[in-house]
Each structure stands twice: as structure tokens, then as C-alpha cells.
Amino acid sequence: MGLILLLAAFLRVPHLDRSLYFDEQDNLRRNFHGYLEIQPDGEQVWQGAGWSEALWENRLGNNPVMLSVLAQASLRTWRAFTGTDRQRFSVVALRMPVLLAGLGSIVTLWWLLQLWGLRWAAGIAAALAAIHPMHIDYSLQARGYALVLLFVPLAVAFAWLALRDNRWRN
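Residues numbered from 1 in each chain as written. Predicted model: local features only at pLDDT ≥ 70, side-chain atom pairs only at ≥ 80, totals over all residues. Heavy atoms only, no water.

Notes on the nonpolar core
By size, the foremost hydrophobic cluster in this structure holds 13 residues, and its most contacted members are L28, F32, L67, L75, L94 and A101. Of all the elements in the fold, those that place two or more residues in this core are α2 (22-32), α4 (65-82), α5 (91-115) and α8 (145-165). The greatest single-element share of this core, amounting to four residues, is contributed by α5. For L75, the contacting residues outside a window of four places in its chain are L28, F32, H33, F89, S90, A93 and L94. Among the nonpolar cores identified, the runner-up in size contains twelve residues, and I4, A9, L16 and L103 belong to it. (Core = buried A, V, L, I, M, F, W, Y, C linked by side-chain atoms within 4.5 Å. Buried < 20%, exposed > 50% of the residue type's maximum accessible area, 1.4 Å probe, protein only. Helix = DSSP H or I, 4+ residues; strand = E, 2+ residues; numbered from the N terminus. Contact = heavy atoms within 4.5 Å.)

Next up, the structure:
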């Protein structure tokens, strides 16, 4: 499993700093970072996106709250370590939570199939997820896709354990 994760990271990490897609940019402005608003008189006013926007500014249903909070925390951590101005952001820091969720989704998929006794299938599925272009893309977009890839097999695995063991703790 370790080699599969190394391969997955090798295929993803070099692309963390790729340009932002339009929907990523929209959420960056509204939920994670903020934007410069240009007034009719030409004055520029900074409209920052803080914790309040991360938690509650989802009127359009365009971004999961959990991703907003994780991206906000990642950007704030990056600024704290680098001492960077509030009006700057790092695409790598922005995408770090989804990269970790994407890599974690490979592990949870492997674990779920291991629970089902499908040892060979677990390795094959994890390897295919590691190299699949769509999985790579969804593990890099600052959107909620990687969180879905992580939490769906995790939820199924815990439901399986709860049914198998007849215990609510799972």
C-alpha cells in the first residue's frame, strides 16, 4: 500500500500549483480567501473571506462547508508560517486538504475491500485509483470531490462493520 501511495503522491504533487479552474476561483473569492472590489470611483476595497464566509456563505450550494473550513485553515496556516500578507494566497496551500483527502480515499478504498476479504481486488483498486486521470484531477481540485471519494468508502466500511458486528460503535 505504501508504494501505491507514493505513486499516487508522485502523480499529484507536481500539479498542485496548476492554474485555478473557474469554479475553484469562485469559491476562493467567496469562501476561502476574498477579493478586491473596485468601486465606481476606482477605489479598491478588500473583501476578505474569513471563518464566517467559510461556514455560512454557501447560498448557491456551490461548495461544501467542510472544504471551505479546511481550505480556510490551510491558507491561514500557510500565512502564519510564511508571514504573508492577508491579500495573498498559495494555490498549493489551498489544495493541500483535497490532496490529503484524495490520498486518504485510496487507503479507505483499499481498507473497505480488505474488510470484504477481497485482498487482490483491494490492491488492484487502490493502484487503479492512484493512476486514474479523473481520480488525480479530483484529488487536486479545490472542490468537494476528494472529500466524497474519501467519505463514501469510509461510510460503507463503517456500515459494514456495524452490520457484521451488530454494534453501534461502528
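Comments concerning the environment of N27
Looking at where N27 falls in the secondary structure, it is placed in helix α2. Note: C-alpha distance between N27 and A101 (74 residues apart in sequence) is 18 Å.

Description of the packing of α4 against α5
Running from N to C, α4 and α5 cross one another at 135 degrees; their axes reach a closest spacing of 8 Å. The angle between α4 and α5 falls in the class oblique. Crossing geometry of α4 relative to α5 is assigned as right-handed. Contacts between α4 and α5 involve L67, L70, A71, S74, L75 and W78 on the former and, on the latter, A93, L94, M96, P97 and V98. Of the residues in the contact of α4 with α5, the class split is ten nonpolar, one polar and no charged. (Axes fitted to C-alpha atoms, helices over the stretch in contact; angles between N-to-C directions. Parallel < 35°, antiparallel > 145°, perpendicular 65-115°, else oblique. Left-handed = near helix turned anticlockwise from the far one by under 90°. Nonpolar A, V, L, I, M, F, W, Y, C, P; charged D, E, K, R; others polar.)

Describing the pairing of strand β1 (residues 34-38)
Bridging between β1 and strand β2 (residues 44-48) involves five bridges; their strand directions are antiparallel. By the bridge assignment, Y35 is partnered in β2 with Q47. Taking the residues that link successive antiparallel strands as the turn, the β1-β2 hairpin has five residues, and the phi of G42 there is positive, at about 95 degrees. (Pairing = 2+ DSSP bridges.)

Brief notes about the packing of helix α1 (residues 2-12) against helix α6 (residues 119-131)
Relative orientation of the contacting elements α1 and α6 amounts to 10 degrees, with a least axis distance of 8 Å. Between α1 and α6, the angle falls in the class roughly parallel. Between α1, through I4, L7, A8, L11 and R12, and α6, the contact on the second element is made entirely by G123, A126, A127, A129, A130 and I131. In terms of residue class, the contact of α1 with α6 is built from nine nonpolar, one polar and one charged.

A few points about α2
The complete set of buried residues in α2 reads E24, N27, L28, R30, N31 and F32. Contacts from the buried residues of α2 go to β1, α3 (51-56), α4 and α5. Once α2 finishes, G34 follows within two positions and takes phi at roughly 130 degrees, a positive value.

Focus on the environment of R79
With respect to the element layout, R79 can be found in helix α4. Along the primary structure R79 and F89 are separated by ten residues, whereas in three dimensions their C-alpha atoms are 7.9 Å apart. Not counting chain neighbours up to four residues away, the residues in contact with R79 comprise H33, T84, D85, R86, R88 and F89. In this structure the side chain of R79 is engaged in a polar contact, spanning 3.2 Å, whose partner is the backbone oxygen of R88. (Polar contact = N/O pair within 3.5 Å; in protein donor to acceptor, adjacent residues only side chain to side chain.)

With respect to unusual backbone geometry
Although it is not a glycine, N166 sits at a positive phi angle of roughly 55 degrees. Mapped onto the secondary structure, N166 falls in the segment after α8.

Topic: the packing of aromatic side chains
A full pass over the atoms with the stated rule returns three aromatic pairs. Ring plane angle 65 degrees and centroid distance 5.5 Å describe the contact between W111 and F158, whose orientation is recorded as edge-to-face. Residue W111 is found in helix α5, and its partner F158 is found in helix α8; the two are separated by 47 residues along the sequence. A relative accessible area of 35% means that F158 is categorised as partly exposed. Here Y138 and Y145 contribute two aromatic rings whose centre-to-centre distance is 4.6 Å and whose plane-to-plane angle is 40 degrees, an arrangement assigned as tilted. Here Y145 falls in the partly exposed class, since its relative accessible area comes to 32%. Just above the ring of Y35 sits the side chain of R29; from NZ or CZ to the centre is 4.2 Å. (Phe/Tyr/Trp six-rings, centres within 6.5 Å; stacked < 30°, edge-to-face > 60°. Lys NZ or Arg CZ within 6 Å of the ring centre and 35° of its normal.)

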